[in-house]
Amino acid sequence: MASTAEGVRRRDWIHIAALSTAGVGGASVLYPLVSQMAPTADTLAASTTDVDISTIEPGQSVKATFQDQPLFVKRLTPEEIAEAVADDTADMRDPQTLAERLGEGNADILVNLGVCTHLGCVPLGAGEGEDKGEYDGYFCPCHGSHYDVAGRIRKGPAPTNLAVPDFEFASESVIRVG
Amino acid sequence: MSFAWAKQYEPQTAFTKWMDEKLPLPRLVYSAVGAGYPVPRNLNYMWNFGVLAGFFLVLQIVTGVVLAMHYASNTEVAFGQVEHIMRNVNYGWMMRYAHANGASFFFIVIYLHIFRGFYYSSYKAPREMIWLLGVVIFLLMMATAFMGYVLPWGQMSFWGAKVITGLFGAIPVVGEPLQVWLVGGFAPGNSALNRFFSLHFLLPFVIAGVVILHIWALHIPGSSNPTGVEVKKESDTIPFHPYYTAKDGFGLGVILILFTFMLFFLPNMLGHPDNYVEANPLSTPALIVPEWYFYPFYAILRAFTGDLTIPFTDIILVPAKLLGVIAMFASILVWFFLPWLDKSPVRSGHYRPMFKKFFWFGLIPCMAALFYLGGAKPEEPFIVLSQIATAYYFLHFLVILPIVSQIEIPKPLPFSITEAVLGKDEGGAGAATAATDMSAGDAPDASPQPAE
């Protein structure tokens, strides 16, 4: 594509311009092809969940669904709070205190995504009589991750604590997640 | 294609002559899998599995296209549609069981085909490209099989999809957005089921395309053989048809007896009962395992339970989850490097005493252990056993194979394939009778006669 004595050859210019136009066109077509794989508008629209917490007794959990994933909402008992606070300083993979996990102005409502941070199984422990693992919280049966009473990873392959989604108290008795 | 003495296609009738001028398709077939393709005369039954794999690919495509006529990829109805196929569609039960067990048999013959390649070093020059394309086919098969298993939308379908797409979430920084993009939501749902169905339909045809490249690449140097000695002259070869079409036909008959026995008497033996329970995103089955053909790689994935840290500090370099994912992918990607890791000039394991010991007493028990451990519960002693087996697996390919191939003293090789078969070279005149004698017994490689 060398230029001649008269400067850039007309044909070279046409080649470069044509290929550039086709390249930009091709890349523009690629964007919608990639983007169509992302979550659809209706999936994104169903992105908040309200949970009624007035009927949850201390020590009891309810399971809800948040963005197609299981959500565990638990009212901790005073004993469980004491146990979790006592463990705040323990050696952990993903250190976090109970207060950080509950958030401000929230004494006892623990909200966790019921999705093991290892490979996405639903941990046991939120239902009546389920295996709570060695730390009295949640146990993932797939690959043996043990979470403590505050949903913090204590043993097994999971890399982080159970996720705490953003939530707020919509009223005294209802939390809005998302 | 490959040798100067390969017979050329000669059209006999006016129609075939006309056809040969316009579109020489019969000529292509004749030279590729007919009398025009000379093949080493000493191939044993381990050389059947390429053709058998081709058969099962065709079986999967035929039964799959038929099943797609009755299936619907919507989470509301998918599980019910599969039962509809089983109960209402004429012979639907047979098509579905043939497709499910056909996948298992496809993997059985592919594993034997791959391990034939390991033992006889089929990956060595000049056949590296055949091997590389073969590994690509295996990866495509794994993707296809995984997505196919999601389609019935049972418990194992759903949780398998969740765990496998969760692997991508382990990639640093881009992992979680990538996972959401792949699934089209925050958990597998309608979007995931639809795209998996679309890709599950597409990929077998991509596999068929790569198979054509695989065979094309094979026909340039020609087939390898159990001695690993290259073809030198015409008496070393016999035409593919009728000799190997007959031998492959016999092997096909044997595998079809096994296949139909599974299909009609044990159709669910290789499946999981949990997959007859409809998918429930809020309840995980007690033990999530993939289909049996993924067990070795699943065992490697689960073997990593501790983070990689800087010694004596708490700084995590690579978290356990990512380590497992890397190791699982690496366990297959290492196959791409085999042609360059194994430096021995001798191909066949028959003439490599040290390599042979590590193959039979190292690699084979290691793979058997990984097959067992991938389906076992994630608890002791299985965890530590899978760690040992995983360590040996990588040690075998990355350390033992390169060292053994440098230090071992191979046994003397026969001068030619003909000599390996007949004991001494009879020259070109004896080739025709030798070729017919050959079909009487198939023990040429069992007692190779070294030169001198």
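Residues numbered from 1 in each chain as written. Chains lettered and ligands numbered in written order. Predicted model: local features only at pLDDT ≥ 70, side-chain atom pairs only at ≥ 80, totals over all residues.

1. What to know about unusual backbone geometry
Residue and element names in this part refer to chain B.
Stage number 1. Each neighbour pair has its own omega, and for Ala-125 with Pro-126 the value is 5°, a cis peptide bond.
Stage number 2. Among the structural elements, Pro-126 can be located in the loop between α5 (92-119) and α6 (128-150).
Stage number 3. Cis geometry is adopted by the peptide bond preceding Pro-242, which originates at His-241 and carries an omega value of 10°.
Stage number 4. Here Pro-242 lies in helix α10 (residues 240-265).
Stage number 5. A positive phi angle, near 60°, is found at Tyr-91, a position not held by glycine.
Stage number 6. Structurally, the position occupied by Tyr-91 is in the loop between α4 (78-87) and α5.
Stage number 7. By the C-beta count within 10 Å, which is 10 here, Tyr-91 ends up exposed. (Helix = DSSP H or I, 4+ residues; strand = E, 2+ residues; numbered from the N terminus. Buried ≥ 20, exposed ≤ 12 C-beta atoms within 10 Å, placed from the backbone.)

2. A look at the sheet that holds strand β1 (residues 49-52) of chain A
In sheet architecture, strand pairing relies on hydrogen bonds along the backbone and comes in two forms, parallel and antiparallel.
Residue and element names in this part refer to chain A.
Stage number 1. Spatially, β1-β9-β8 is the arrangement adopted by the three strands of the open sheet, whose pairing is antiparallel. This sheet does not close on itself; its edge strands, each paired only once, are β1 and β8 (167-169). Pairwise comparison of adjacent strand axes, ignoring direction, gives a mean angle of 25° for this sheet.
Stage number 2. Strand direction decides the pairing type here: β8 and strand β9 (residues 174-177), joined by three bridges, are antiparallel. Pairing of Glu-168 across the sheet is with Arg-176, part of β9. (Pairing = 2+ DSSP bridges. Axes fitted to C-alpha atoms, helices over the stretch in contact; angles between N-to-C directions.)

3. Topic: the environment of Tyr-351 of chain B
All names here are of chain B.
Stage number 1. Mapped onto the fold, Tyr-351 is located in the loop between α13 (338-341) and α14 (353-374).
Stage number 2. Tyr-351 sits in the buried class, given 21 other C-beta atoms within 10 Å.
Stage number 3. Each C-alpha atom, one on Tyr-351 and one on Thr-227, is 8.0 Å from the other, the two residues being 124 residues apart in sequence.
Stage number 4. Not counting chain neighbours up to four residues away, the residues in contact with Tyr-351 comprise Val-346, Pro-410, Lys-411 and Leu-413. (Contact = placed C-beta atoms within 7 Å.)

4. Here we look at the sheet that holds strand β5 (residues 136-140) of chain A
Residue and element names in this part refer to chain A.
Stage number 1. The strand order β5-β6-β7 describes an open sheet built from three strands, whose pairing is antiparallel. At either end of the open sheet lies a strand with only one pairing partner, and these are β5 and β7 (153-155). On average, adjacent strands in this sheet sit at an angle of 35° to one another, irrespective of strand direction.
Stage number 2. Taken together, the two bridges between strand β6 (residues 145-148) and β7 define a ladder with antiparallel strand orientation. Bridge pairing in β7 places His-146 opposite Lys-155.

5. Looking at the domain arrangement of chain B
Residue and element names in this part refer to chain B.
Stage number 1. Under the domain assignment used here, chain B contains domain 1 (39-288) and domain 2 (292-411).
Stage number 2. Computed over C-alpha atoms, the centres of domain 1 and domain 2 are 23 Å apart.
Stage number 3. Of all the secondary-structure elements, those providing two or more residues to the side of domain 1 that touches domain 2 are α5 and α6.
Stage number 4. In terms of residue count, α6 provides more of the side of domain 1 that touches domain 2 than any other element does, six residues in total.
Stage number 5. For the side of domain 1 that touches domain 2, the residue count by class is 16 nonpolar, five polar and two charged. (Domains from an automatic or database assignment. Nonpolar A, V, L, I, M, F, W, Y, C, P; charged D, E, K, R; others polar.)

6. Regarding the environment of Ala-100 of chain B
Residues and elements named next belong to chain B.
Stage number 1. Its place among the elements puts Ala-100 in helix α5.
Stage number 2. Ala-100 gets classed as buried once you count the C-beta atoms within 10 Å, which come to 22.
Stage number 3. With 138 residues separating them along the chain, Ala-100 and Ile-238 place their C-alpha atoms 37 Å apart.

7. Some words on the confidence of the model for chain A
Stage number 1. Summarising the model, chain A shows a mean pLDDT of 84, and 97% of its residues fall at 70 or more.
Stage number 2. By mean pLDDT, helix α2 (residues 41-45) of chain A is the weakest element of chain A at 80, and helix α1 (residues 10-35) of chain A is the strongest at 91. (pLDDT = per-residue confidence, 0-100.)

8. Comments concerning the packing of helix α3 (residues 49-68) of chain B against helix α9 (residues 190-219) of chain B
All names here are of chain B.
Stage number 1. At a minimum axis separation of 11 Å, α3 and α9 run at an interaxial angle of 155°. Overall, the two elements α3 and α9 adopt an arrangement that is roughly antiparallel. Here α3 and α9 pass one another in a crossing that is left-handed. Together, Gly-54, Leu-57, Gln-60, Ile-61, Gly-64 and Ala-68 of α3 and Phe-201, Pro-204, Ile-207, Ala-208 and Val-211 of α9 make up the contact between the two elements.
Stage number 2. For the contact of α3 with α9, a count of residues per class yields eight nonpolar, three polar and no charged. (Parallel < 35°, antiparallel > 145°, perpendicular 65-115°, else oblique. Left-handed = near helix turned anticlockwise from the far one by under 90°.)

9. Topic: the pairing of β5 of chain A
Residue and element names in this part refer to chain A.
Stage number 1. Of all five residues making up β5, four are buried, and the element is well covered by its neighbours.
Stage number 2. Across four bridges, the pairing between β5 and β6 is antiparallel. Paired with Asp-136 across the strands is Asp-148, a residue of β6.
Stage number 3. In sequence, β5 turns back onto β6 through a hairpin of four residues, with Gly-144 there showing a positive phi of about 75°.

10. What about the pairing of strand β4 (residues 109-113) of chain A?
Remark: a regular strand shows side chains that alternate across the two faces of the sheet.
Residues and elements named next belong to chain A.
Stage number 1. Along β4, four of the five residues are buried, which leaves the element largely enclosed by surrounding structure.
Stage number 2. With five bridges joining them, strand β3 (residues 69-75) and β4 adopt antiparallel strand pairing. Across the sheet, residue Arg-75 finds its bridge partner in β4, namely Ile-109.

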